[in-house]
Number of protein chains: 2
Amino acid sequence: MAGMWMAELSERSGVPVATIKFYLREKLLPAGKATGATRASYDEGHVHRLRLIRALVGVGGLGLDRVHAVLAAVDDTKADLHEVLASAHQQLSPLPESEVSEESRRQVAALVRRKRWQLQPEGRHSEALAAALDAMTAAGQPLDLPSLTTYADAAAMVAEAEIESMSTAMDREDAAIYAVTGTVLAEPVLLALRRMAQEHHSNRRFSTS
Amino acid sequence: MAGMWMAELSERSGVPVATIKFYLREKLLPAGKATGATRASYDEGHVHRLRLIRALVGVGGLGLDRVHAVLAAVDDTKADLHEVLASAHQQLSPLPESEVSEESRRQVAALVRRKRWQLQPEGRHSEALAAALDAMTAAGQPLDLPSLTTYADAAAMVAEAEIESMSTAMDREDAAIYAVTGTVLAEPVLLALRRMAQEHHSNRRFSTS
């Protein structure tokens, strides 16, 4: 297939030219094929890569360092599809901004043992959980292990169904897009449902009318 | 008890003087008792009210219009404790910025019927859910009713335990604080747990090592 100029790449991908140039400078997008001194031509691979970057930045809210980490996994020919998915998914959780307490870390470790979850050591999601527990403690509403386990049971119910229904007929870039968008887009759904269910159970328990 | 000047009110509540003055102008905080032409004195009620406003704005992320709605319920002497809780909780969900599709609204209504949830008509959480479903559809990942029901079952499991464990020995302002902070602070916990459970189930299904 014939290559395309920058203008067409922008039109095909829906990404503004200035943004594409920024991604080229940041080496998120590989350079085009030089055709003459000042022009370069791009191909379907560039369109595909731009779609991935937009999903990571836009829906996923990932910063550039985390986008680089996902792209490194996508480009690592020794990584299989599962490893690409895992790497993209792992980057969804930002590292906590402040130091996480040892007590919350121990509580997370106790939960993981109790649930027999197989997780990568020092995973970012576990750190994010410990930080969220610290925030509850700081607000005077610490979460005990039984309550945390109830949340974990509900989360496992959701996650098991999600992973079961996953198609594995994806190329590597689509797998990374799926890991990020599939995870992030359903989050507001889950949170809205929790609020609706709280309203229902509160009505059942307290309503006098 | 003796009243306090603005400086002490600021120190006691942890809210800067400029912010307190802004809340006074916006009528979120009632005026102090005039003592002379330029001074006013404040009491414990002001400290309490400031704690509530900070929880609504800071943890809850509520805009001023929604804070007004919560305070109106707190101050409405005809509302009982349950109604104060319900009103504060309802304000947590912002109204969707764009028009929600009729199809998503119908899907939410079908779910509520199936789950036999008692919700207030035209509730904000249901609208937020419909908007979240629209976003998934727009991203090419529409959620079908069986999947939505799985999410709802998990949300109900969490919410039932949360409402069961709720203390009702609260005054009206603490009830509003609880409805907001108790709901919001646990959200990152639930989302981190879902990501951990996804990692676990993905490892179980796909890992070859």
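Just above, that's the structure.
Criteria and cut-off values
Residues numbered from 1 in each chain as written. Chains lettered and ligands numbered in written order. Predicted model: local features only at pLDDT ≥ 70, side-chain atom pairs only at ≥ 80, totals over all residues. Heavy atoms only, no water. Helix = DSSP H or I, 4+ residues; strand = E, 2+ residues; numbered from the N terminus. Buried < 20%, exposed > 50% of the residue type's maximum accessible area, 1.4 Å probe, protein only. Salt bridge = Lys/Arg side-chain N within 4 Å of Asp/Glu carboxyl O. Arc of directions from axis to C-beta. Contact = heavy atoms within 4.5 Å.

Novice: What should I look at first to understand unusual backbone geometry in this one?
Specialist: Excluding glycine, a negative phi dihedral is what most residues carry, and trans is how most peptide bonds are arranged. Here the phi dihedral of A:K27 falls at roughly 60°; this positive angle occurs in a residue that is not glycine. Inspection of the secondary structure assignment puts A:K27 in the loop between helix 2 (17-25) and strand 1 (33-34). With relative accessibility at 69%, the residue A:K27 sits in the exposed group. The backbone of B:R116 sits at a positive phi, close to 50°, despite the residue not being glycine. Along the chain, the position of B:R116 falls in the loop between helix 6 (102-115) and helix 7 (124-138).

Novice: Could you clarify how one ought to interpret the pattern of salt bridges in this entry?
Specialist: Two side chains of opposite charge can pair, provided their charged atoms sit close to one another. For the coordinates displayed, the defined rule picks out 20 salt bridges over all chains. Ionic pairing is found between B:R195 and A:E187, a salt bridge with its closest N-O pair at 2.8 Å. Here B:R195 is found in helix 10 (residues 187-206), whereas its partner A:E187 is found in helix 10 (residues 187-206) on a different chain. By relative accessible area, which is 11% here, B:R195 ends up buried.

Novice: Before we go on, may I ask you to explain helix 2 of chain A in this structure?
Specialist: In an α-helix, one turn spans 3.6 residues, which is why side chains three or four residues apart end up on the same side. Residues and elements named next belong to chain A. Burial in helix 2 covers these residues: I20, Y23 and L24. When helix 2 is viewed along its axis, its buried side chains cluster within an angular range of 105° and face the same direction. Opposite the buried face of helix 2, at more than 90 degrees from it, the exposed residues are A18 and R25. Elements in contact with the buried residues of helix 2: helix 1 (6-13) and helix 3 (44-59). Phi for K27, located one or two positions after helix 2, is positive at around 60°.

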